[in-house]
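Tertiary structure, described
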Amino acid sequence: MSGEVYPVPAAVKKKALIDDATYKTWYQQSVDDPEGFWSKHGQRIDWFKPYTKVKNTSFTGKVAIKWFEDGVTNVSYNCIDRHLEKRGDQVAIIWEGDNPYDDKKITYRELHDEVCRLANAMKARGVKKGDRVTLYLPMIPEAAYAMLACARIGAVHSIVFGGFSPDALADRIVGCESSFVITADEGLRGGKKVPLKHNVDLAVEVAEREGVEVDTVMVVRRTAGKIEWFSDRDVWYHEAVSEQKPECKPARMKAEDPLFILYTSGSTGKPKGVLHTTGGYLVYASMTHQYVFDCQDGDIYWCTADVGWVTGHSYIVYGPLCNGATTLMFEGVPSYPDASRFWDVVDKHKVTIFYTAPTAIRALMGAGVSFVNRTSRKTLRLLGSVGEPINPEAWEWYYNVVGEKKCPIVDTWWQTETGGIMITPLPGATKLKPGSATRPFFGIQPQLVDNEGQVHSETVAEGNLCIVDSWPGQMRTVYGDHERFIQTYFSTYKGKYFTGDGCKRDADGYYWITGRVDDVINVSGHRMGTAEVESALVSHDSVSEAAVVGYPHEVKGQGIYCYVTLMGGYDGDDGLRKALVQHVRQEIGPIASPDKIQFAPGLPKTRSGKIMRRILRKIAEDDFGSLGDTSTLADPSVVDDLIENRQNKT
Ligand code: WT7
């Protein structure tokens, strides 16, 4: 936590929207008088009917969170229509294809027409306010059109990342009983095709067996590759929209009407459907986007995430478009055609603000500086990081090599559940320390709590990160399971939102996220529950028991380490290892590919049968010298075999 401090450069401070004095004043107001603060900032979006109530939230009992509850608005209207007069001809979306010669610019007026046509096409096929629509799409403009078209008519989208398998997609379709799916024939990433429509065909079959009928699959033609066609169910996107008018009145939505569901992994059980609503979410996403990225007229803003993750929701689509910004959407990967791609795109489209993940930075760092140095990057003025703790080496490389010491880095800590950025520097206000997410955003009150629930209120402290009061972007419930919402987030520490992260606070009051303290791992910025990987493994014929932990991985942040106990009669050889990797990919998707599989005749369990993961984590880290007390194990001798056969010997 020591190391260099980077002051705010004078030139940055002069042009920035928020300086340090303003940060301090606003922050104080936001915690002293949340009602007054948010009453003012809630007006940053347009309301058809203004709210008179601002905040009505409780973190105890049944946990009820309502913001701006009597206001009426529409997210699509705020992201499009209200900009038309001033920005109709301004580019809203710059699309950069997987192939460097493939790109496209969409103005706000064009965006309006595309979204309206699609909204009408959906209505014509029976989609109504409150219906759940599943999107399983590549990073193409149609993904943004589809999100905004849902918002326009009050349908609730549930985006499933294209890297998830048919089974995982089916789970999510069934989970929110969605009968309308929008996909593409194939996706294209790094020159490779992804069989999206084929995966949907398989998922729909599974969903039907589980009692959820998908009656429409709308298909964007992306590659024109060969696909199967079911004419009573499938419809081409381009045909459906071509018959529609480019006007569609935005639905009147109450502030607390649902906007989207996004499935995310927890420490137990199946992924949960995180539900975000309309008014508070949009206020918070747009406000953080404006101030954290200091986004101003003329900026070209690029967030490299996928819309399948919350980062893509809040900081590719809703935040930037609500602010009338120009947002870049990238279909490809950082390494294709080569490791200069990000910087080539920056130069090609004159990107000024660039937001990516530590795993990408580390991978590009590994490729060498020549891929950076042969590009100009002279338009860049701000860099951002999200998804996992950024190690100081990667931070320094990003700062020195990519930004050439001219661009502040905003290391933004937040979660799918929080809707928007929570702890972050503001570029014109905050001195930077590599590896620290620094200070809370307006309205956010972090607390560090120990395992016994004791709050550590001294400045220098360490503990489990909790947030003590509500903010407008917060999730409202787990879709269809409010009890799980209460249990997961508000029961560990009564009356507080528990994030699942560990954290330190230094003498300057800066926060340093140390990573998850629960059984969630973060692999290349993708969040995964170890329980999900375990249940995929035990569903294979050969496996009787499995325990999965994360271990430090140079590029991915964390790798997936699996301990597997086999059924009698199976040989733990490389052939079976491959088969198990394949099996997990099929059950969850390529993003869950195990990195290491260790066959273990026994797992370390307490006498009550609980697996002691602490021991498994240590062995996976090759740090078996400090296993701690193993005397409470039912059979302490299993530990010797585990150490002997560890897969990360150095
Ligand atoms: C978890 C949330 C937020 C959008 C992307 C991930 C980790 C996220 C940071 C950061 C340290 C971070 C946390 C958090 N995380 N950003 N800047 N520094 N850790 O969203 O999939 O919901 O994952 O990602 O562990 O709890 P998510």
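Under the annotation held in an unreviewed UniProt entry, the protein chain carries the name Acetyl-coenzyme A synthetase and is attributed to Oceaniradius stylonematis. Turning to the protein chain, the UniProt annotation filed under Sequence similarities (unreviewed entry) states: "Belongs to the ATP-dependent AMP-binding enzyme family." As recorded by UniProt, the Catalytic activity (unreviewed entry) comment attached to the protein chain reads in full: "acetate + ATP + CoA = acetyl-CoA + AMP + diphosphate".

**Focus: the site of the ligand**
Inspection of the region around the ligand gives 17 residues, with Asp-411, Thr-412, Thr-416, Asp-501 and Arg-527 positioned closest. In this structure, a nitrogen atom belonging to the ligand sits 3.4 Å away from a main-chain N or O atom of Glu-388. Arg-527 is positioned with one of its side-chain polar atoms (N or O) 2.7 Å from an oxygen atom of the ligand. Here the ligand has 560 Å² of accessible area as a free molecule, and 95% of this is covered by the chains. Breaking the shell around the ligand down by element, the ones donating at least two residues are helix H12 (310-322), strand E20 (409-412) and strand E25 (511-516).

**So, the packing of helix H14 (residues 358-367) against helix H16 (residues 392-402)**
Put simply, H14 and H16 touch, their axes get as near as 10 Å, and they point 70° apart. Judged by the angle between their axes, H14 and H16 are roughly perpendicular. On the side of H14, the interface is formed by Ile-361, Arg-362, Leu-364 and Met-365, while H16 contributes Glu-393, Ala-394, Trp-397 and Tyr-398.

**Section: the UniProt feature "modified residue: N6-acetyllysine" (unreviewed entry) in the protein chain**
Taking the UniProt record as the reference, the feature "modified residue: N6-acetyllysine" (unreviewed entry) is found at Lys-610. Mapped onto the secondary structure, Lys-610 falls in the loop between strand E30 (596-599) and helix H20 (613-620). Ignoring sequence-local partners within four residues, the contact set of Lys-610 consists of Pro-604 and Lys-605.

**Brief notes about the packing of helix H2 (residues 20-32) against helix H3 (residues 34-41)**
In the contact formed by H2 and H3, the axes pass within 5 Å of each other and the chain directions differ by 115°. Counted together, Trp-26, Gln-29, Ser-30, Val-31 and Asp-32 of H2 and Pro-34, Phe-37 and His-41 of H3 form the full contact between these two elements. In terms of residue class, the contact of H2 with H3 is made up of four nonpolar, three polar and one charged.

**Thoughts on helix H18 (residues 530-538)**
When we look at burial in H18, the residues that qualify are Thr-530, Glu-532, Val-533, Glu-534, Ala-536 and Leu-537. Residues of H18 that are buried in the fold lie against strand E26 (520-523), strand E27 (526-529), strand E28 (543-553), strand E29 (557-566), helix H19 (574-587) and H20.

**Examining the packing of aromatic side chains**
Within this structure, the stated rule accounts for 48 aromatic pairs. For the ring pair Trp-47 and Tyr-51, a centre distance of 5.0 Å and an interplane angle of 80° mean the geometry is edge-to-face. Of the two residues, Trp-47 and Tyr-51, both sit in the buried class. Its guanidinium or amino end placed over the ring of Tyr-510, Lys-433 lies 4.6 Å from that ring's centre, counting from NZ or CZ.

Rules used throughout
- Residues numbered from 1 in each chain as written.
- Predicted model: local features only at pLDDT ≥ 70, side-chain atom pairs only at ≥ 80, totals over all residues.
- Heavy atoms only, no water.
- UniProt positions renumbered as here; feature names shortened; annotations may be inferred.
- Near = heavy atom within 4 Å.
- Polar contact = N/O pair within 3.5 Å; in protein donor to acceptor, adjacent residues only side chain to side chain.
- Areas by Shrake-Rupley, 256 points an atom, 1.4 Å probe, with all protein chains shown as cover.
- Helix = DSSP H or I, 4+ residues; strand = E, 2+ residues; numbered from the N terminus.
- Axes fitted to C-alpha atoms, helices over the stretch in contact; angles between N-to-C directions.
- Parallel < 35°, antiparallel > 145°, perpendicular 65-115°, else oblique.
- Contact = heavy atoms within 4.5 Å.
- Nonpolar A, V, L, I, M, F, W, Y, C, P; charged D, E, K, R; others polar.
- Buried < 20%, exposed > 50% of the residue type's maximum accessible area, 1.4 Å probe, protein only.
- Phe/Tyr/Trp six-rings, centres within 6.5 Å; stacked < 30°, edge-to-face > 60°.
- Lys NZ or Arg CZ within 6 Å of the ring centre and 35° of its normal.

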